[in-house]
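Below, each chain spelled out in residue letters.
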Amino acid sequence: MPEAVIVSTARSPIGRAVKGSLKDMRPDDLAAQMVQAALAKVPQLDPAELTDLMLGVGQPAGESGNNLGRAVAVLSGMDHLPGVTVNRYCSSSLQTTRMAFHAIKAGEGHAYISAGVETVSRYAFGIADNAERPNPAFVDAQALTVERAGGGATGWVDPRSVGDLPDLYIAMGQTAENVAEVLRMPRLEQDEFAVRSQNLACQRIEEGFWAREITPVTLPDGIVVSSDDGPRPGTTLEVVGELKPVFRPDGTVTAGNSCPLNDGAAALVVMSEAKAKELGLTPLARIVSTAVTALSPEIMGLGPVAAIPTALRNAGLALADIDLVEINEAFAVQSLGSAQQLGIPLDKLNVNGGAIAVGHPFGMTGARITATLINSLQWHDKQFGVESMCVGGGMGMAMVLERLS
């Protein structure tokens, strides 16, 4: 069966939504710049040999509506190339990589673009109004009272009668509060993790780590943006500890221990190992396995708890074989909590900082973390890595990579 490898990555700087550096960039134009940059790194590949362009978008509406993947292909000068737009919320562009992986394994093609984009700044009416109208059955479900119990992820108790539905459209911040309640994780522990994320990210900026993976973006007015907006030098526990809870008056989730809203795009070139060899390319990494799992939407933050072991099982590996782990930091409680449930030590987890610092543009995140994980495996001279994330609606997703160069 053919092996699937990643031969190039390109990811934009990440801007803060509405007031940040990328607020004037359309999502299709932003994604097209990253697709062109990823292809420019492998000039041996004739774009005519690409089979498909698959683009992940978390909220495919407004300027991100229609089939944005096809629009990006044409904007990138490839009107011969099919395009598709994929939505699996926060893991949308991990799903597109998974699709390329599967297509190569099936022998249906030799080269694919996997990309992702999100420009929250360009949402038509803000994130809530921009979402699709939910089924009334799920609206009614929001009124359900759900009892929760401690004792870890397996301690979740849902006493609803048969036929009752979960709150599928529950606000993500409320799911984070639910996870904090289930895991009994205090505010201090979440804040400490958030400060760690900020300080590690700033340290790696100084060391040149992040610059290695960022592709500068040219704005419509010609200004070039080359760094992330988010990291905050000098972040302290005292400063983060002063922030008030956002989602519940007596809660523990704050703006300081959560990711911000962001804009950004990323792209990967995924190829069969045989094609890479034919072109004389040295692959960056091999895609070993992927997995997607589901759980109650009301504790969706614990999605990686099942997704990572499933991906490892598919790879024939154990957690002890993994050198580095990237769990998306939508919230400190879900990233740290998932790692604790799995027994992942901090010295393997998000060792360059994570989304609390650099940001989480939903559709971009899967491909961005892939680029970061490859960068990290190279930087720290390690072999195997896992990327994972929780996914809105109650899912988890994961991918195992092996560094090749």
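Residues numbered from 1 in each chain as written. Predicted model: local features only at pLDDT ≥ 70, side-chain atom pairs only at ≥ 80, totals over all residues. Heavy atoms only, no water.

Q: Looking at this model, I keep getting lost on the pattern of salt bridges. Mind explaining?
A: Side-chain pairing between opposite charges can occur once the charged atoms of the two side chains come close. Tallied over the entire structure, the rule returns 15 salt bridges. Arginine 187 serves as the salt-bridge partner of aspartate 191, at 2.7 Å between the closest nitrogen and oxygen. With aspartate 191 and arginine 187 both in helix 7 (residues 187-207), this residue pair falls four residues apart, about one helical turn. Given the relative accessible area of 18%, arginine 187 is considered buried. (Salt bridge = Lys/Arg side-chain N within 4 Å of Asp/Glu carboxyl O. Helix = DSSP H or I, 4+ residues; strand = E, 2+ residues; numbered from the N terminus. Buried < 20%, exposed > 50% of the residue type's maximum accessible area, 1.4 Å probe, protein only.)

Q: How should the nonpolar core be read in this particular structure?
A: A general tendency of soluble globular proteins is for nonpolar side chains to be buried together. Within the largest apolar cluster, 38 residues are counted, with the highest numbers of intra-cluster contacts made by Val35, Leu45, Leu55, Val269 and Met271. Within the residue set of this core, elements represented by two or more residues are strand 1 (4-11), helix 1 (27-40), strand 3 (52-57), helix 2 (68-75), strand 5 (111-119) and strand 8 (262-272). A per-element tally of this core places helix 1 first, with eight residues. What leucine 55 contacts, discounting residues up to four positions off in sequence, is Ala31, Leu68, Gly69, Val72, Val84, Thr85, Val86, Thr96, Ala115, Gly116 and Val117. (Core = buried A, V, L, I, M, F, W, Y, C linked by side-chain atoms within 4.5 Å. Contact = heavy atoms within 4.5 Å.)

Q: It is not clear to me how the layout of surface pockets should be interpreted in this structure. Could you clarify?
A: Rolling a probe over the atoms, with the probe sized like a water molecule, indicates the empty space that remains. Empty space within the second largest pocket amounts to approximately 400 Å³. As for the second largest pocket, its lining consists of 17 residues, of which Arg16, Arg232, Ala255, Gly256 and Pro260 are closest to the centre. Those elements giving two or more residues to the lining of the second largest pocket turn out to be helix 7 and helix 8 (237-241). Here the lining of the second largest pocket is built from residues that sort into 10 nonpolar, four polar and three charged. (1 Å grid on protein atoms, 1.4 Å probe; cavity = no way out; pocket = protein on both sides within 12 Å on 5 of 7 lines; lining within 4 Å. Points joined across faces, edges and corners; volume = space filled by probe spheres on them. Nonpolar A, V, L, I, M, F, W, Y, C, P; charged D, E, K, R; others polar.)

Q: Quick question: what am I supposed to make of the pairing of strand 12 (residues 395-403) here?
A: The two faces of a sheet get side chains in turn, since along a regular strand they alternate between them. Among the nine residues of strand 12, eight are classified as buried, and the element is accordingly described as predominantly covered. The pairing of strand 9 (residues 285-294) with strand 12 spans nine bridges and is classified as antiparallel. Within strand 12, the residue paired with threonine 290 across the bridge is methionine 399. Where strand 11 (residues 384-391) and strand 12 come together, eight bridges link them in antiparallel fashion. (Pairing = 2+ DSSP bridges.)

Q: Where do I start with the pairing of strand 5 in this structure?
A: Burial analysis of strand 5 places nine of its nine residues in the buried class, the great majority of the element. By the alternation rule, side chains of strand 5 split into Ala111, Ile113, Ala115, Val117 and Thr119 and Tyr112, Ser114, Gly116 and Glu118, which are all buried. Across six bridges, strand 3 lies against strand 5 in parallel orientation. Counted as the bridge partner of leucine 53 is isoleucine 113 from strand 5.

Q: Please explain empty space enclosed by the protein as it appears in this structure.
A: In this structure the tally under the stated criterion is one cavity of 30 Å³ or more. In this model, the largest cavity occupies a volume close to 50 Å³. Together, 10 residues line the largest cavity, and Ala61, Glu63, Ser64, Arg122 and Tyr123 are the ones closest to its centre. In the lining of the largest cavity, the residues fall into four nonpolar, four polar and two charged.

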